Amino acid sequence: MRTERVPWGQWVVTVFCFALVLRLIVAAAYLNPYDTEWNIMWGVELCDGFFSAYQHVTDLDYPPLYLYVLRVVGALVKDPQIGGYPPLRMLAIKFMPCLTDSLTCLVLYRLGGRRSRLWGAAAAALWSVNPAAIFNCACWGQTDCVLLCMAALLMTALEERRVTASGVLFAAMCCTKLQGLYLAPVVGMEVLTICFGSLHYKRFHFKHIRREQVNRFLRFLAAVGGTFAVIFLPFMIGAVAGRPSGETPLSSFWKPLTVYGGGVDKYPYSTMNADNFYMLWGLNCVNDSTRILPGISAGGMGKFFLLVVIVLIVAVYVCGRERSHWLAAYLLMEGIFMLTCRQHERYQMLTVVLLLGALLQIGDKRILPLFGWQTLVVCANQCRVLSAVQEKYGWWDYYANVSGREWLQSAMEQVRRDGVAWLGWYNTLAQFNALVNVCIFFVSVTLGLQFFFDGQWRVSFCRRAEKWLYDVTENAKKRGIIQWK
C-alpha cells in the first residue's frame, strides 16, 4: 500500500483514542491511594478558597497552574457517587494525566511528520503503548505525564522557531511542576540560537547582532515573564487577602513563590528511590549532607556534577559540530537525574520522550534500542517503588476471606507473619536496575558526545575499532613486524 494513500488524519485520531481509552481503563481498575489521595485532599480543600490556597491547603507544594485541575477534581469527588466509588474516584484524579499523555501521541506525530508521516505515525503508535508512561499516569496517577506533554510541545515549538510560544510553554511548564526548570539551559541556548543565529565560537560575532534579533529575544523574555505573572499574581494577591493575623501583607504576597522555591529542600536525600549513581552507591534515603569522600558530601558532589552538565550543554552550542536541542535536552535531563541529588524515581520520565524526539529529529537508528532500554529501566524503577507501597495496604487480603479454601487461608497467614517474599529482594532489584541505568547513561553520553563533537558520528564504535585494527595490522605488515606465510 502506498503511503500517500493512507488516511493519516484518521490514523492519528484512532491512535489518540486508543491511547486514551487504554489509559482510562487501567486508571479505573488500578486503585492506588499513594500520592493520589494527597492530591484529592488538596482538591477538596481548594473548594474552600481557591486563590488563597497557599494560606490554608495542607502541605501544598505544587506551583499554581495545576491547582486549576485539582479544583475541578475536588468538586467532583465531593459528589458521593464519585468520591465514594473508588473506580470513579481514580478516574477523577487520573483523567488529566491520562489525557495529556495521550495528547503526546499527537505532538510526536506532528514532530515526526517533518521527516515523513510514516515516522510520525510510528512514533505516535509507539508512545500509545509505552509502559513507563502508562504506569505513570494510569496506575500511579502522577502529574509527570502532564509535564511530559508540555515539554514535548515546548521542544516542538523550538524546532518550529516559535519564540513567543516557546516562552509561554516554558513558563507554563515551570508553573506546573518545579522540575520544568531543569530544561532552562537548553531552552535558553536554543532561543539564543533562534534569535541570533549560530552560537559557535567561529561564526558568532557581537557586531553582527541586529535590532530585530534583540527584539525577538525580548519577546521571548516578555512571554516568560508575562505568563509567570498571569499564573502567580492571582494566588499572591489571594494569599494577602486570606492571610492570618500576625502575618504581614508583604510576606503573604511572596508566600506562593516561597513555597515554590521551598520544594527543592523538601526531600534532602542523596536519592529518594531514584535508580542512579547514588542508589548504586547505597545512599537511598540518606541525607545529602553525608560525606561520601574525604571532605566531600553527596550534595556537594551533586552540585559539582550539575555545573559540569550545564557547562557541557553550553559547550554543545558553542563548540558542537551538529545541532539537536532534543538530544541536548536528553543529555541534560539524563545527567541531572543520574549525577545530582534529591531525585525521585519518576523524574527520569522526561528523558524517555526527549529520546524519542531526538530519534525523530536525527534519524539515527542507534537511538531506537536506547529508547527501548530507557523505557524499561524507568518503568521498572516506578513499578518497584509503587508495588512495594501497595503491599503495605494488604490488597491480597481478599483471598484470605474466601470460604472453603483452608490451604489458601493458611498461606495468607504465613505471608502476614513472614512478609511478602519479593520485598526481601527490594534492595537487590534497586541495585541491579541502577547498574543497568548507569550502563545506559554511559552509552547515551558516548552517543551524544559523538554526535555533537565528532565529524563521523554515524560510524559506530565497533566499525571504528575494526577499521583501526585493520589499519594497525596493515601498517605492521608494511614495516615487516608481521609476516604472513
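The present account deals with the structure reproduced in this document. (Residues numbered from 1 in each chain as written. Predicted model: local features only at pLDDT ≥ 70, side-chain atom pairs only at ≥ 80, totals over all residues. Heavy atoms only, no water.)

## Description of a nonpolar patch on the surface
- A contiguous nonpolar patch, built from V214, L218 and L221 and spanning about 230 Å² of accessible area, is present on the exposed surface.
- Within the secondary structure layout, L221 lies in helix α12 (residues 211–241). (Patch = residues over 30% accessible without salt bridge, like charges linked within 9 Å, V, L, I, M, F, W, Y side chains within 5 Å. Areas by Shrake-Rupley, 256 points an atom, 1.4 Å probe, with all protein chains shown as cover. Salt bridge = Lys/Arg side-chain N within 4 Å of Asp/Glu carboxyl O. Helix = DSSP H or I, 4+ residues; strand = E, 2+ residues; numbered from the N terminus.)

## Some details on the state of the cysteines
- Taken as a whole and assessed by the stated rule, the structure comprises zero disulfides.
- Counting only cysteine sulfurs, C149 is the nearest neighbor of C105, a cysteine outside any disulfide, at a range of 9.4 Å.
- Free cysteine C383: the closest other cysteine sulfur is in C379, separated by 3.9 Å. (Disulfide = S-S within 2.5 Å.)

## As for the nonpolar core
- Ranked by internal contacts, the top residues of the largest apolar core, which has 109 residues, are L67, W127, L183 and L354.
- With 12 residues, helix α17 (residues 325–339) is the single largest residue contributor to this core.
- Setting aside residues up to four positions removed in sequence, L354 forms contacts with M155, L183, W326, A329, Y330 and M333.
- Of all hydrophobic cores here, the second largest spans seven residues; its members include W140, V385, L386 and A388. (Core = buried A, V, L, I, M, F, W, Y, C linked by side-chain atoms within 4.5 Å. Buried < 20%, exposed > 50% of the residue type's maximum accessible area, 1.4 Å probe, protein only. Contact = heavy atoms within 4.5 Å.)

## Looking at the environment of V57
- Counting through the fold element by element, V57 comes out in the loop between α3 (53–56) and α4 (67–77).
- By relative accessible area, which is 9% here, V57 ends up buried.
- For the pair formed by V57 and M41, sequence separation is 16 residues and the distance between their alpha carbons is 8.7 Å.
- Leaving out residues up to four positions away in the same chain, V57 has contacts with W42, E45 and L46.

## Focus: the pattern of salt bridges
- In this structure the tally under the stated criterion is 14 salt bridges.
- Across the salt bridge formed by E159 and R114, the nearest N and O atoms sit 3.3 Å from each other. In this pair, E159 sits in helix α9 (residues 144–159) while R114 sits in the loop between α6 (86–112) and α7 (117–128), placing the two residues 45 residues apart along the sequence.
- Between K255 and E247 there is a salt bridge, and its shortest N-O distance comes to 3.8 Å.

## A look at the packing of aromatic side chains
- Applying the stated rule across the entire model yields 21 aromatic pairs.
- Geometrically, the ring pair formed by Y30 and F135 is edge-to-face, given 6.3 Å between the ring centres and 70° between the ring planes. Of this pair, Y30 sits in the loop between α1 (8–29) and α2 (36–46) while F135 is found in helix α8 (residues 131–140), placing the two residues 105 residues apart along the sequence.
- For F135, a relative accessible area of 9% translates into the label buried.
- Taken together, F50, F51, Y54, Y68 and F235 form an aromatic cluster joined through their ring pairs.
- Directly above the aromatic system of W119 lies the positively charged group of R115, at a separation of 5.0 Å from the ring centroid.
- The lysine or arginine in question, R384, covers the ring of Y426, its NZ or CZ lying 5.0 Å from the ring centre. (Phe/Tyr/Trp six-rings, centres within 6.5 Å; stacked < 30°, edge-to-face > 60°. Lys NZ or Arg CZ within 6 Å of the ring centre and 35° of its normal.)

## Some details on the packing of helix α11 (residues 184–196) against helix α16 (residues 298–319)
- Between α11 and α16, the least distance of the axes is 10 Å, while the angle of their chain directions is 20°. Judged by the angle between their axes, α11 and α16 are roughly parallel. Relative to α16, α11 is oriented so that their crossing is right-handed. Facing P185, V186, M189, E190 and T193 of α11, the residues of α16 in contact are I310, I313, V314, Y317 and V318. (Axes fitted to C-alpha atoms, helices over the stretch in contact; angles between N-to-C directions. Parallel < 35°, antiparallel > 145°, perpendicular 65-115°, else oblique. Left-handed = near helix turned anticlockwise from the far one by under 90°.)

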